[in-house]
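For reference, the chains in residue letters:
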Amino acid sequence: MKTNAGRFFEDYRLGETIAHAVPRTVSGGERALYHTLYPARHALYSSDEFARACGLPAAPVDDLVAFHLVFGKTVPDISLNAVANLGYAEGRWLKPVFPGDTLRSESTVIGLKENSNGKSGVVYVRTRGLNQRDEAVLEYVRWVMVRKRDEAAPAPEAVVPPFAKSVAASDLAIPAGLDFTGYDFTLAGEPHRWDDYAVGEQIDHVDGVTIEESEHMLATRLWQNTAKVHFDATNRPDGKRLIYGGHVISMARALSFNGLANAQMIVALNAGAHANPCFAGDTVRAWSEVLDKAETSAPGVGALRLRLVAVKHGTEPFRLKGEDGKYLPGVLLDLDYWAVVPR
């Protein structure tokens, strides 16, 4: 048997570390394709000259490019037989990724819990993305529901790891050299500074994008994500291909430019949930809420903790859950992250 059917829930062992194939060298093509797939316009990722004026050697690739590449490496070992990717926590972008860097991934199993139906279980992993110098560029925790190969297989002892509610502002990794004291607000596209945002403020990002099957498939292949639910229409009873959750994240982040154009870099992922499935034909809109603010030691740089919510068209903005405490049916994504903003 030379083919790989992927791991099932009973194949994971608490504490094991999995080195994922295949390393990927980043090129300018990733940036071009990312900006083709999403309406991403943040200046720091678009212009080498803008990035140099902000103290960086050149424009890095978008933070979510790095996330998708690192995530995609893990899919054959973690979520090939997934029912759904459930959530994220304790994510930190540790170093910018530039064209020419080569990324690889490794994951450690930190929790296992069989579902009550006995047909699947939840696997918790901590993943690190490393560059060609073995420097960690990204780390995060995620949990995913994975099918069992044999429903009669004994369940492991349930271990659900505790997570920090958020990454502490003092633990944010601000890129070396980042300096917003000479920030050009005209070129960035909006005048709003860190000081202009208030905790509790909500922003409707106004714009929407209808998800296309072809673009979703292109994106999922680009990140070398092989999860069956994204490719194989026979894998779900409804005959639909589930839109990769990262595609929704990137779409919502790009839409957030309108109102948060100066939230230039994502530096931490506090929590995230794919609240409801997304399918081709859904029109995605987004809104944000300012959850917290923090100063940083970098010159002219502040940090905003933001909730980014992606919803289907027709879902009222600024409403997240019903009276029962469950996400409303039109809510697709609830993402809590830190971003750096000029002061």
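Residues numbered from 1 in each chain as written. Predicted model: local features only at pLDDT ≥ 70, side-chain atom pairs only at ≥ 80, totals over all residues. Heavy atoms only, no water.

Enquirer: So, the overall build of the protein: which residues are in play, and what are the values?
Expert: The helix and strand inventory of the protein stands at nine helices and ten strands. Relative to its length of 343 residues, the protein is compact, with a C-alpha radius of gyration of 20 Å against a globular reference of 20 Å. Each principal axis of the C-alpha distribution contributes one length, and for the protein these read about 65 × 50 × 40 Å. The 343 residues of the protein split such that 54% are buried. Split by element, the accessible area of the protein, about 14100 Å² in all, is 51% carbon and sulfur. The centroid of the 37 positive side-chain charges in the protein is displaced by 5 Å from the centroid of its 42 negative side-chain charges. (Helix = DSSP H or I, 4+ residues; strand = E, 2+ residues; numbered from the N terminus. Rg over C-alpha atoms; globule rule 2.2 N^0.38 Å. Buried < 20%, exposed > 50% of the residue type's maximum accessible area, 1.4 Å probe, protein only. Areas by Shrake-Rupley, 256 points an atom, 1.4 Å probe, with all protein chains shown as cover. Lys, Arg positive; Asp, Glu negative; His and termini not counted. Charge placed at Lys NZ, Arg CZ, Asp CG, Glu CD.)

Enquirer: Run through the pairing of strand 10 (residues 331-342), naming residues and quoting values.
Expert: Of all twelve residues making up strand 10, twelve are buried, and the element is well covered by its neighbours. Of the strand pairs in this sheet, strand 7 (residues 265-274) and strand 10 are connected by eight bridges, and their pairing is antiparallel. Counted as the bridge partner of Leu269 is Tyr337 from strand 10. The pairing of strand 9 (residues 301-312) with strand 10 spans eleven bridges and is antiparallel. Note that in strand 10 the partner of Leu306 across the bridge is Tyr337. (Pairing = 2+ DSSP bridges.)

Enquirer: Which residues make up the sheet that holds strand 5 (residues 136-147), and what are the values?
Expert: The antiparallel open sheet is built from ten strands, whose spatial order is 1-3-4-5-2-7-10-9-8-6. What marks the edges here is a single partner per strand, and that holds for strand 1 (17-25) and strand 6 (202-210). The sheet shows a mean angle of 25° between the axes of neighbouring strands, taken without regard to direction. Examined bridge by bridge, strand 4 (residues 120-130) and strand 5 share eleven bridges and lie antiparallel to one another. By the bridge assignment for strand 5, Leu130 is matched with Ala136. (Axes fitted to C-alpha atoms, helices over the stretch in contact; angles between N-to-C directions.)

Enquirer: A description of empty space enclosed by the protein should follow, citing residues and the corresponding values.
Expert: Counted under the stated rule, the structure contains three cavities of 30 Å³ or more. Taken together, Tyr34, Ala40, His42, Tyr45, Asp62, Asp63, Leu64, Arg253, Ala254 and Ile266 make up the full set of residues lining the largest cavity. Mapped onto the lining of the largest cavity, the elements with two or more residues apiece are helix 4 (63-78) and helix 8 (245-255). Per-class residue counts for the lining of the largest cavity are six nonpolar, one polar and three charged. (1 Å grid on protein atoms, 1.4 Å probe; cavity = no way out; pocket = protein on both sides within 12 Å on 5 of 7 lines; lining within 4 Å. Points joined across faces, edges and corners; volume = space filled by probe spheres on them. Nonpolar A, V, L, I, M, F, W, Y, C, P; charged D, E, K, R; others polar.)

Enquirer: Explain the pairing of strand 9 to me, using residue names and the numbers behind them.
Expert: With ten of its twelve residues buried, strand 9 lies for the most part within the structure. Direction of pairing for strand 8 (residues 283-295) relative to strand 9: antiparallel, over a ladder of eleven bridges. Each bridged residue has a counterpart across the sheet, and for Arg285 the counterpart in strand 9 is Val311. Connecting the antiparallel pair strand 8 and strand 9 is a turn made up of five residues, with Gly300 showing a positive phi of about 75°.

Enquirer: Help me get a handle on the environment of Thr25, residues and values and all.
Expert: Here Thr25 is to be found in strand 1. Dropping the residues within four chain positions of it, Thr25 is found in contact with Glu30, Gly100, Asp101 and Thr102. For Thr25, the side chain forms a polar contact with the side chain of Thr102, separated by 2.7 Å. (Contact = heavy atoms within 4.5 Å. Polar contact = N/O pair within 3.5 Å; in protein donor to acceptor, adjacent residues only side chain to side chain.)

Enquirer: Talk me through the pattern of salt bridges; I want residue IDs and the actual numbers.
Expert: Within this structure, the stated rule accounts for 17 salt bridges. The shortest N-O distance in the salt bridge between Asp334 and Arg307 comes to 2.9 Å. You can see Asp334 sitting in strand 10 and its partner Arg307 sitting in strand 9, a full 27 residues away along the chain. The exposure class assigned to Arg307 is partly exposed, which follows from its relative accessible area of 24%. A network of salt bridges, in which partner residues are shared, links Arg104, Glu106, Arg128 and Asp134. (Salt bridge = Lys/Arg side-chain N within 4 Å of Asp/Glu carboxyl O.)

Enquirer: A description of the layout of surface pockets should follow, citing residues and the corresponding values.
Expert: For the largest pocket, the calculated volume is near 320 Å³. Ala84, Asn85, Leu242, Gly245 and His274 are the residues nearest the centre of the largest pocket, which is lined by 25 residues in total. Put simply, the parts of the chain that give the lining of the largest pocket at least two residues each are helix 4, strand 2 (82-93), strand 5, helix 7 (228-231) and helix 8. Ranked by residue count, the leading element in the lining of the largest pocket is strand 2, at five residues.

Take it as geometry only, folks, not as evidence of what the structure does.
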